[in-house]
Amino acid sequence: MRSYLRSTDLTMTTNTATMETESSSSSLESSAVNQGEEEGIGQSEEGEAVSKDRMRTRGSSLSSLSAWLTLRRKGAKDKQHSVDDSDRAVAVASRLSHGSESLTLPRRNRKDKAAFGSGGVSTPPLDRRYHSTVANSRPALPLLLLNNQGGNNKLMAAAALVADATAAVWHAFDFLDDHNNGQVSKSKLKVLTANLGTVLNCPNVENGLQDHKSTSHLSFDDYMFYLRKELFSVTSSCVMDSRDHNKYLALIEEVCWLVCHSKYLKRDGSMLPDQCVFKLFRVFCMLAEQIPNVSSEGLVSVLSSEEVEYVVKLFVLALGKEWDPKDFKQIAEVVPTFKFSVFLTLLENSYAKNVEVLGLVEATQEIFDMFIEDVIKKGFLSKKRQIFSSWRLNWYVLRPTSLTYFNDRSEKDKRGEIPIHGKCSVEPLSDSPGSRNNRFILICGDKCFELSATDHKTKLQWMTALQTAIDHYGHKESYQKLMATRRRNDRENVKSKKAEVEQGLVFQKDLLEKQRSELEAERLARVAAEAHAREQAALRERETQRLQEVEAARKELERLLEEEKRAKRDEEIVRNLQARLLREEWEKREELEKLQEEQRTLLTEERSKREGLEQQQQLNEKQLEEARKKLKDLEDEKARLDRHFKVSCSQVLEGVLLVSHTSTSHTRS
């Protein structure tokens, strides 16, 4: 009877909270639109039109989100009332007696899912398998919680959930930021908070938002502080393992995507299908980092260029293309960090051109399975049956906790699952005649599974992947999350080492500069001392030189006086010699003038003779020209006479022929 009363109280509380959340969502939605209209007063007509257009877009997103939540709650309530109260009481009592902290309500049926898909709600077309995984297995948070693991586990779970959900919440917050100033009105944040509280079964979580801070707008840090305190701290109490963590995270990301999906789906020249964009959004949120925003206050969710290169490389290889890191390095030098919109533009403009839609879907699904579904490896393997000793080819999917095999790669018909734990091991098997090649064995406790790959390379890849899954056993984080954390830590270590190296270089540079300045000061002092010593030596040298110069000058004057006397005697002798030479030169000059006159006379005679010879030569040339002319006239006359002779000969010959012909004709007649 006590269990029945407890279950009845639980059902009534859940229904009441659900009805209050519906009414608060509709009222907050209308208040969000009114708040947006009030904020647009005082702007220009063009700015007001743009603001109203953006408010209508966000209003439609919030309306569609509220409609989806209403349909989901309606289906959950219809399914809930169909359960017998006594069975619910027994189920609640059984769970509480076993110390379970989470209470999973019944899943919604297919009719509710059909109503959600055809109820006129504007939602993005998500992947069908994603809906079957997330929407049909959404855990409902209990209203009565038993804390068996202590406050430290709660804090750790809350911190992990906040860290993983921050990127998705930031995208929704950024979409609601109309003025791009890092501030969003509380009326809009109430709607978003109410929807987050609804999907996580934390009703009325938005009521305290109005009293949080005294301003009408909140920054992203203030809003995350509120969610961490009022929502995630309660939600973390129900996170028993990584599966619950992933389910709650998927719900949060789906709600945030429903808020901001229009920003990324309604792009010019988009090539990726909507379901691919959503899956890439989830991958982006998983790998994103929060860095300070340089354009406004607060944080911004981005991917580093190294992480983008890693994802894009996997995407290109999944498309069957070759990866060229040179092109991406040129882009990374210009864009060190990537927002989600820039990440989509990079994929579509650089790597998704001229690719079929099916190829894009498969490549995106492979990336999604790797990062979100935590798939380490997929592929075909042959497994030896234990009963008939025959081999069967199956499609295997390896995750850190299990190796699941299906009939084909569609992964619809599941044939079995092999759990992976720390006591498992994988060993190679040698090839022998008459048996399959490329075999290896997976040992899980007392069971052994003999597997065979298509070639030796695939065998080594599967053995490495299985060993990776075995080594990952015991970690609370997913394998890909752990790898992303390691890559981030490696980048931070590289940056810190680089900073340390740069700091050491700066310190060494400062030390060298200091030593250089000291050496320069010593050098200047030594140079000054040497200069002073050189000045003193130069002064002494100048004094000595001056004395030597005075002594030399005295000797030079005495020598010059002696030379002057000698020069006067020599000058007298030279003057007499010059007078004699002058007379001789005058006589020679007169003789030369006579010779010059004679030569001038001879030149005149030679010139007259040359002129006579030139006249005689001109006359001879004239006579030669006349002789040539006469010779040419004679040759012309000869040619004319030759032609006349030939004509006369031809006429005579013709006459002879005519006479002979005439005589011949008379003879014949």
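Please refer to the structure higher up on the page.
In this text, all values refer to a predicted model and were calculated from it rather than measured experimentally. (Residues numbered from 1 in each chain as written. Predicted model: local features only at pLDDT ≥ 70, side-chain atom pairs only at ≥ 80, totals over all residues. Heavy atoms only, no water.)

(A) Geometry of the overall build of the protein. Assigned secondary structure in the protein consists of 16 helices and twelve strands. Looking at the 669 residues of the protein, the share that counts as buried comes to 36%. Considering only contacts within the protein whose residues lie at least 6 apart along the sequence, 67% involve residues at least 24 apart. For the protein, the exposed surface amounts to about 41,400 Å²; the carbon and sulfur share of it is 53%. (Helix = DSSP H or I, 4+ residues; strand = E, 2+ residues; numbered from the N terminus. Buried < 20%, exposed > 50% of the residue type's maximum accessible area, 1.4 Å probe, protein only. Contact = heavy atoms within 4.5 Å. Areas by Shrake-Rupley, 256 points an atom, 1.4 Å probe, with all protein chains shown as cover.)

(B) Representation of the sheet that holds strand β7 (residues 391–398) in the model. Sheet architecture is open: seven strands sit in the order β9-β8-β7-β6-β12-β11-β10, paired in antiparallel fashion. If you trace the sheet from one side to the other, it starts and ends with β9 (414–419) and β10 (424–428), each paired once. Each adjacent strand pair in this sheet contributes to an overall mean axis angle of 35°, direction not counted. Here strand β6 (residues 377–384) pairs with β7 via eight bridges, running antiparallel. (Pairing = 2+ DSSP bridges. Axes fitted to C-alpha atoms, helices over the stretch in contact; angles between N-to-C directions.)

(C) Main features of the packing of helix α11 (residues 305–318) against helix α13 (residues 340–351). Interhelical geometry of α11 versus α13 gives an angle of 40° and a closest axis separation of 12 Å. It follows from the interaxial angle that α11 and α13 lie oblique. The chirality of how α11 crosses α13 is right-handed. Residues V308, V311, V312, F315 and V316 of α11 touch α13, and the partners they reach there are F343, L346, L347 and Y351. (Parallel < 35°, antiparallel > 145°, perpendicular 65-115°, else oblique. Left-handed = near helix turned anticlockwise from the far one by under 90°.)

(D) Looking closely at unusual backbone geometry. A positive phi angle, near 60°, is found at E411, a position not held by glycine. As for its placement among the helices and strands, E411 is situated in the loop between β8 (402–406) and β9. Its identity is not glycine, yet N438 carries a phi of approximately 60°, on the positive side. By secondary structure assignment, the location of N438 is in the loop between β10 and β11 (439–444). Under the relative-accessibility criterion, N438 is labelled buried at 12%.

(E) A look at a negative patch on the surface. Negative charge collects at one region of the surface, where E584, E585, E587, E590 and E591 lie side by side. Within the secondary structure layout, E590 lies in helix α16 (residues 479–668). (Patch = residues over 30% accessible without salt bridge, like charges linked within 9 Å, V, L, I, M, F, W, Y side chains within 5 Å. Salt bridge = Lys/Arg side-chain N within 4 Å of Asp/Glu carboxyl O. Lys, Arg positive; Asp, Glu negative; His and termini not counted. Charge placed at Lys NZ, Arg CZ, Asp CG, Glu CD.)

(F) Structural detail: the pattern of salt bridges. Inspection of the entire model under this criterion finds 27 salt bridges. Across the salt bridge formed by K188 and D178, the nearest N and O atoms sit 2.2 Å from each other. With K188 in helix α7 (residues 186–199) and D178 in the loop between α6 (151–176) and β1 (183–185), this residue pair connects regions lying ten residues apart in the sequence. We note that K188, like D178, is buried. A salt bridge links R589 to E593, with the shortest nitrogen-to-oxygen separation between them at 3.5 Å. Here E593 and R589 lie together in helix α16, a separation of four residues that amounts to about one turn. Take R589: its relative accessible area is 47%, and that puts it in the partly exposed class.

(G) Spotlight on helix α15 (residues 456–472). With 17 residues, α15 ought to run about 24 Å at 1.5 Å a step, and its terminal C-alpha atoms sit 24 Å apart, in line with that. Of all the residues in α15, the buried ones are T458, K459, W462, M463, A465, L466, A469, I470 and H472. The secondary structure elements touched by the buried residues of α15 are β6, β7, β8, β10, β11 and α16. Where α15 terminates, the next one or two residues include G474, which has phi positive at roughly 100°. (Expected span 1.5 Å × (residues − 1).)

(H) Representation of the nonpolar core. Ranked by size, the top nonpolar core spans 80 residues in total, and within it Y223, I252, W257, V312, F340 and F343 carry the most contacts. Apart from the residues within four sequence positions on either side, I252 is in contact with L161, A165, V169, L196, L200 and F232. (Core = buried A, V, L, I, M, F, W, Y, C linked by side-chain atoms within 4.5 Å.)

(I) Quick look at the side chain of E253. Inspection of the secondary structure assignment puts E253 in helix α9 (residues 242–265). In this structure E253 comes out as buried when scored by relative accessible area, which is 1%. Among residues more than four places away in sequence, those in contact with E253 are D164, A168, F281, R282 and C285.

(J) Molecular detail of the side chain of S452. Looking at where S452 falls in the secondary structure, it is placed in strand β12 (residues 447–452). A residue is classified by how much of its surface remains accessible, and S452, at 4% relative accessible area, is buried. Among the polar contacts made by the side chain of S452, one reaches the main-chain carbonyl oxygen of N437 at a distance of 3.0 Å. Leaving out residues up to four positions away in the same chain, S452 has contacts with L381, S382, W391, R436, N437, N438 and R439. (Polar contact = N/O pair within 3.5 Å; in protein donor to acceptor, adjacent residues only side chain to side chain.)

(K) Structural view of the sheet that holds strand β5 (residues 337–338). An order of β3-β4-β5 is seen for the three strands of this open sheet, with the pairing classed as antiparallel. Of all the strands in the sheet, the pair left with one neighbour each is β3 (289–292) and β5. Where helix α10 (residues 274–287) meets the sheet, it contacts β3, β4 (299–304) and β5, and its direction lies at approximately 100° from that of β4.

(L) Summary view of the pairing of β6. Here β6 hands over to β7 after six residues, with S389 in that stretch at a positive phi of 55°. In this sheet, β12 lies alongside β6 in antiparallel orientation, the contact comprising two bridges. Bridge pairing in β12 places S382 opposite S452.

(M) Main features of the packing of α7 against α9. Between α7 and α9, whose axes approach to 10 Å, the crossing angle comes to 145°. Between α7 and α9 lies a crossing of right-handed hand. Seen from α7, the contacting residues are L192, N195, L196 and V199; seen from α9, they are L251, I252, V255 and V259. Within the contact of α7 with α9, the residues separate by chemical class into seven nonpolar, one polar and no charged. (Nonpolar A, V, L, I, M, F, W, Y, C, P; charged D, E, K, R; others polar.)

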